[in-house]
Amino acid sequence: MDKIKLTIDNKEVEVAKGTTILDAAKQIGVHIPTLCHMKLHDMGIENKPGGCRVCVVEVEGRRNLAPACVTEAAAGMNINTHSIRVINARRTVTELIISDHPFECLTCAKSGECELQDLAHQMGIREIHFEGEKSVYREDTSPAIIRDMDKCIMCRRCEMMCNEVQTVGVLSAINRGFYAVVSPPFEQNLDHSVCTYCGQCVAVCPTGALTEVDHTPAVIRALSDPSKTVVVQTAPAVRAALGEEFGFEPGTLVTGKMVAALRRLGFNYVFDTDFAADLTIMEEGTEMLDRLSRHLNGDKTVKLPILTSCCPAWVKFFEHQFPDMKDIPSSAKSPQQMFGAIAKSYFAEKQNINRKDLVVVSVMPCLAKKYESSRDEFAVDGNPDVDFAISTRELAALIKLANIEFKALPEEDFDHPLGESTGAGVIFGTTGGVIEAAVRTAYELHTKKPLPKLNFDELRGMEGVREATIDFDGLPIRIGIAHGLGNARKLLEDIRSGKSHFHAIEIMSCPGGCIGGGGQPYHHGNSDILIKRQKAIYQEDSMKTLRKSHENPYIVKLYEEFLGHPMSDKAHHLLHTSYFDRSKHFEQED
Amino acid sequence: MPKIKLTEYATNLVKEICAKFNNNEGELINVLHQVQNKLGYLPAEIQELIAQELNISAAKVYGVVTFYSYFTMKPQGEFPISVCMGTACYVRGAEQVLDEIKRQLRIDVGETTPDGKFSLSALRCVGACGLAPVVLVGEKVHGRVATVDVKKILAEYKSGCLSDKE
Ligand code: SF4
Ligand code: SF4
Ligand code: SF4
Ligand code: FES
Ligand code: FES
């Protein structure tokens, strides 16, 4: 590749042709402030509308300042990133942006994590010299996400995520000039749109314009009600990210401290979604083998590939966009909902608690789980299986609120019976993990032989679409993996057109899988954080003594005492679901 | 399964126009233009159908419709009135002319009179600066309009004698 040389702040740097000034500067440790720009390296995700002009720099010999995020570095350029002219220009644009922004930092959900606030701080803004009208929009609340467009700075990162990465197409810039804003079509509420609640728009929004619906007040109320037994489940990806909120290095596992914190918060039982993930594997793995063997025996009514169904944003995506294929995904509920159903039946009966007095709280890396828990089919007589789903960020907020010194906490263990899990349950938190867990169990159930190895490196990684063939003792099983809904769409279109050759496909809506979920601590565009979380997940798996779902003794016991066997009538009733056609249909008026 | 109701006429019209442009999403603006010319406006249902035909999101279509002031989601009057608010027209009194039209028709910009005769919009420079201030009624250009001319212009259309006067 062609290399060029240029000078930035008196330092010489050599970069590949085509590199932006921003990236060139980064190579020599010069961090030019940005606002609208965002790049997730290694994932091919980049937003560069070049709109905010916060990143301007002075290029010798040019009349105008150049935005570093969209300007290519050229040979021989002499660049100054902090001349007085640059600093003044940067301060002016920052002030202009703030002049159309509500001054609500003290009460804003994003305070402390807001990139505009950080910028104002870095620029040392003490007063706004521009006074003008502020644009005002109606607030939009949905089951998972709140849109407060008064705080939108039109960076359009959310639009890029929703359209290019997720290909959902809910969000688009509308109007022009002062009235421009990002909105669902016809300014309808998210709730009425095809939004999947994947939360990737929230994950990248630099300000408080997009935030999650806060369930912590309701959780506090339940915890302080003596008539309620409150149990909590924690999703696998939470333990690999929660520490970041308390100053731990990304990728630090804080499982034991998280359990201790939840106990201090007053939860009566601290359980693990990983247990339900093991249960999901029993059901989904059995369903997969059943479909596979019927297919191999020539049953033409069986559809393959089977698709995983544990991601609720993915479920809503295919209900809207591929309703013709709604019988291909596994009918198994997500681990969150399996947990809720078992907690409010098996566990409640065991403890002799009325389901109305049992409150199930989930801690999830995910915003779609808030929506999922509110779906009508996941309730009995109006009482939901999962009462509240809070995000990793909300749990961190609760811990801070309760004045718990997280770093000083001891490591504690989950409670029984719904807290025991295997390594297979843990890896649900990353792309590739669900299918690896399924393979570990399906292989042994199918071949009746122990697996020669437990790590399937061929299924691991961060590429958006991956495929591998796993040898089931002479039977080649072809597996596909996609994370990010745009990548999922590609695999689905292949299935629709009959081109797909897979037996099973894993799909996760969020880039990286749940470790990159919309409810995780903000990554602020640093994709290294996701890779470190992924490592942490595989590390926890390798530390476990039990690493195959069917070896979880409490799962075995649950089937013996309560469910019978996988796919039994009772299992079907409690652990499986069906999907709806949510697509739009045009009709002739009479 | 959300249902969207449309007349057969509108459905066929939209499909034909989209097909004429090979259902190419790059032609969105032209499609919107032609559909609005035929139907007079672009209600949400029509935009949904266009989105489906061109295989793009309804949000994108709506984004374009709201970006250009030319497009409207409200039914137009029989005689759509547009007042140019470009610089040349503005400095020569377009705002007063607009106010006078509003006063006489008792409607605001973006509205239609209850009898469906007139609707009112404000435009950017229409490229006839020499005639400033400019008022368009339908396709017809009225130049050098003063507030005192408004009554006469509206009367032409009210009585429907526009063509024989030309
Ligand atoms: S939650 Fe996902 S689908 Fe919904 S608007 Fe945000 S990015 Fe789009
Ligand atoms: S909502 Fe947030 S991410 Fe989207 S354009 Fe506005 S500020 Fe940017
Ligand atoms: S990938 Fe995980 S975090 Fe993202 S929407 Fe799906 S379940 Fe939620
Ligand atoms: S960060 Fe470069 S223009 Fe916004
Ligand atoms: S400003 Fe009105 S026609 Fe140019």
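Definitions and cut-offs
Residues numbered from 1 in each chain as written. Chains lettered and ligands numbered in written order. Predicted model: local features only at pLDDT ≥ 70, side-chain atom pairs only at ≥ 80, totals over all residues. Heavy atoms only, no water. Helix = DSSP H or I, 4+ residues; strand = E, 2+ residues; numbered from the N terminus. Rg over C-alpha atoms; globule rule 2.2 N^0.38 Å. Buried < 20%, exposed > 50% of the residue type's maximum accessible area, 1.4 Å probe, protein only. Contact = heavy atoms within 4.5 Å. Phe/Tyr/Trp six-rings, centres within 6.5 Å; stacked < 30°, edge-to-face > 60°. Lys NZ or Arg CZ within 6 Å of the ring centre and 35° of its normal. Near = heavy atom within 4 Å. Nonpolar A, V, L, I, M, F, W, Y, C, P; charged D, E, K, R; others polar. Pairing = 2+ DSSP bridges. Axes fitted to C-alpha atoms, helices over the stretch in contact; angles between N-to-C directions. Buried area = accessible area lost by both parts, 1.4 Å probe. Salt bridge = Lys/Arg side-chain N within 4 Å of Asp/Glu carboxyl O. Polar contact = N/O pair within 3.5 Å; in protein donor to acceptor, adjacent residues only side chain to side chain. Parallel < 35°, antiparallel > 145°, perpendicular 65-115°, else oblique. Left-handed = near helix turned anticlockwise from the far one by under 90°. Core = buried A, V, L, I, M, F, W, Y, C linked by side-chain atoms within 4.5 Å. Domains from an automatic or database assignment.

Asks: Please explain the overall build of chain A as it appears in this structure.
Replies: Counting secondary structure elements, chain A contains 18 helices and 23 strands. What you see for chain A is a C-alpha radius of gyration of 25 Å, in line with the 25 Å of a compact globule of 590 residues. Counting over 590 residues, chain A shows a buried share of 62%. Within chain A, contacts between residues at least 6 apart in sequence are counted, and of these 74% link residues at least 24 apart.

Asks: Just to check I follow, could you spell out the packing of aromatic side chains for this structure?
Replies: We describe a pair of aromatic rings using the distance from one ring centre to the other and the angle between the two ring planes. All names here are of chain A. Tallied over the entire structure, the rule returns 19 aromatic pairs over all chains. Between Phe246 and Phe406, the aromatic rings sit 4.4 Å apart at their centres with planes inclined by 20 degrees, giving stacked as the arrangement. Taken as a pair, Phe246 in the loop between strand 13 (229-234) and helix 7 (255-265) and Phe406 in the loop between helix 12 (392-401) and helix 13 (423-426) lie far apart in primary sequence, 160 residues in all. Aromatic side chains Tyr443 and Phe472 sit 5.4 Å apart centroid to centroid with 75 degrees between the ring planes, which places their arrangement in the edge-to-face category. Here Tyr443 is found in helix 14 (residues 433-447), whereas its partner Phe472 is found in strand 20 (residues 465-472), with 29 residues between them in sequence. The exposure classification of Tyr443 matches that of Phe472, with both residues buried. One aromatic cluster is present, built from ring pairs that chain together Tyr269, Phe271, Phe339 and Phe347. It is Lys134 that lies over the ring of Phe103; its NZ or CZ is 3.9 Å from the centre.

Asks: I keep staring at the site of ligand 1 and nothing clicks. Help me out?
Replies: Residues in close proximity to ligand 1 include A:Ile145, A:Cys162, A:Val168, A:Leu171, A:Cys195, A:Thr196, A:Tyr197, A:Cys198, A:Gly199 and A:Cys201, which together make up its full environment. Of the residues assigned to the shell around ligand 1, the class counts are eight nonpolar, two polar and no charged.

Asks: Just checking my understanding: could you explain the sheet that holds strand 2 (residues 79-84) of chain B for this structure?
Replies: Backbone hydrogen bonds hold the strands of a sheet together, and the pairing may be parallel or antiparallel. All names here are of chain B. One open sheet holds the four strands; their spatial order is 3-2-4-5, and the pairing between them is mixed. The open sheet has two edge strands with one neighbour each: strand 3 (118-123) and strand 5 (140-142). Each neighbouring strand pair of the sheet contributes to a mean axis angle of 20 degrees, computed without reference to strand direction. Bridge count between strand 2 and strand 3: six bridges; the pairing is parallel. Across the sheet, residue Pro80 finds its bridge partner in strand 3, namely Ser119. Sitting on the sheet, helix 6 (residues 94-105) touches strand 2, strand 3 and strand 4 (135-137), and the angle it makes with strand 2 is about 150 degrees.

Asks: What is the right way to read the sheet that holds strand 7 (residues 78-80) of chain A from this model?
Replies: Residues and elements named next belong to chain A. Taken in spatial order, the five strands of this open sheet run 2-1-7-5-6, and their pairing is mixed. Edge strands, defined here as strands with exactly one partner in the open sheet, are strand 2 (11-16) and strand 6 (66-67). In this sheet, strand 7 lies alongside strand 1 (residues 3-8) in parallel orientation, the contact comprising two bridges. Note on strand 7: the bridge partner recorded for Thr7 is Asn78. Across the sheet, helix 2 (residues 84-99) touches strand 5 (56-59) and strand 7, and the angle it forms with strand 5 is around 155 degrees.

Asks: It is not clear to me how the interface of chain B and chain A should be interpreted in this structure. Could you clarify?
Replies: Interface size is commonly expressed as the accessible area that is lost once the parts come together. On the side of chain A, 24 residues touch chain B, which itself brings 26 residues to the contact. A combined buried area of about 2,300 Å² lies between chain B and chain A, and 57% of that area is made up of carbon and sulfur atoms. For the pair chain B and chain A, the interface holds three salt bridges. The partner of A:Lys584 in a salt bridge is B:Glu48, with the nearest N and O atoms 3.1 Å apart. Summed over the shared surface of chain B and chain A, the result is 10 residue pairs in polar contact (both at pLDDT 80 or more). Those elements that provide at least two residues to the side of chain B that touches chain A are strand 1 (3-6), helix 1 (8-20), helix 3 (44-54) and helix 4 (58-67) of chain B. If one sorts the elements of the side of chain B that touches chain A by residue count, helix 4 of chain B sits on top with seven residues. When its residues are assigned to classes, the side of chain B that touches chain A shows 12 nonpolar, seven polar and seven charged. Sheet topology note: the strand 23 (residues 585-588) of chain A/strand 1 of chain B ladder contains four bridges and is parallel.

Asks: What is the right way to look at the pattern of salt bridges in this model?
Replies: Residues and elements named next belong to chain A. For the coordinates displayed, the defined rule picks out 45 salt bridges over all chains. A salt bridge links Lys344 to Asp387; the shortest N-O distance between them is 2.7 Å. Of the two residues, Lys344 sits in helix 10 (residues 335-351) while Asp387 sits in the loop between strand 18 (383-384) and strand 19 (388-391), which places them 43 residues apart along the sequence. Two residues, Glu436 and Arg460, come together in a salt bridge whose shortest N-O distance is 2.7 Å. Taken together, the residues span a long stretch of sequence, with Glu436 in helix 14 and Arg460 in the loop between helix 14 and strand 20 at a distance of 24 residues.

Asks: I would appreciate a short explanation of the side chain of A:Gln337 in the present structure.
Replies: All names here are of chain A. Within the secondary structure, Gln337 sits in helix 10. When its relative accessible area of 0% is taken as the criterion, Gln337 is described as buried. Among the polar contacts listed, one links the side chain of Gln337 to the side chain of Gln336, at a separation of 3.0 Å.

Asks: Hey, could you run me through the packing of helix 2 of chain A against helix 3 (residues 115-123) of chain A in this one?
Replies: Helix packing geometry: the angle between the two helix axes and the distance between the axes. All names here are of chain A. Axis separation between helix 2 and helix 3 bottoms out at 10 Å; the angle between their running directions is 140 degrees. Comparing the axis directions of helix 2 and helix 3 gives the class oblique. Every pair of crossing elements has a handedness; the one defined by helix 2 and helix 3 is left-handed. Contacts from Arg90, Arg91, Thr94, Ile97 and Ile98 in helix 2 reach Leu116, Leu119, Ala120 and Met123 in helix 3. Among the residues forming the contact of helix 2 with helix 3, the class breakdown is six nonpolar, one polar and two charged.

Asks: Would you mind going over the nonpolar core with me for this structure?
Replies: Here is a general trend for soluble globular proteins: nonpolar side chains tend to be buried in one another's company. The biggest cluster of nonpolar side chains holds 130 residues, and the ones touching the most others in it are A:Leu242, A:Phe267, A:Trp314, A:Leu395, A:Ile399, B:Leu32 and B:Ile50. Per element, the largest residue contribution to this core is six residues, and it comes from helix 7 of chain A. Discounting residues that sit within four places of it in the chain, A:Ile399 has contacts with A:Leu242, A:Phe246, A:Ala261, A:Leu265, A:Ile404 and A:Phe406. Ranked by size, the runner-up nonpolar core spans 28 residues in total, among them A:Leu279, A:Ile342, A:Ile353 and A:Phe562.

Asks: How do you make sense of the domain arrangement of chain A when you look at a structure like this?
Replies: Residue and element names in this part refer to chain A. What the domain assignment lists for chain A is domain 1 (3-99), domain 2 (135-213) and domain 3 (217-575). Computed over C-alpha atoms only, the centres of domain 1 and domain 2 are separated by 27 Å. Tallying the contact residues gives 10 residues for domain 1 and nine residues for domain 2. Summed over both sides, the interface of domain 1 with domain 2 buries roughly 720 Å², with 73% coming from carbon and sulfur. If you sort the residues of domain 1 by the area they bury against domain 2, Leu35, Met38 and Asn47 come out on top, with a joint share of 52%. Taken together, the links from domain 1 to domain 2 amount to zero salt bridges.

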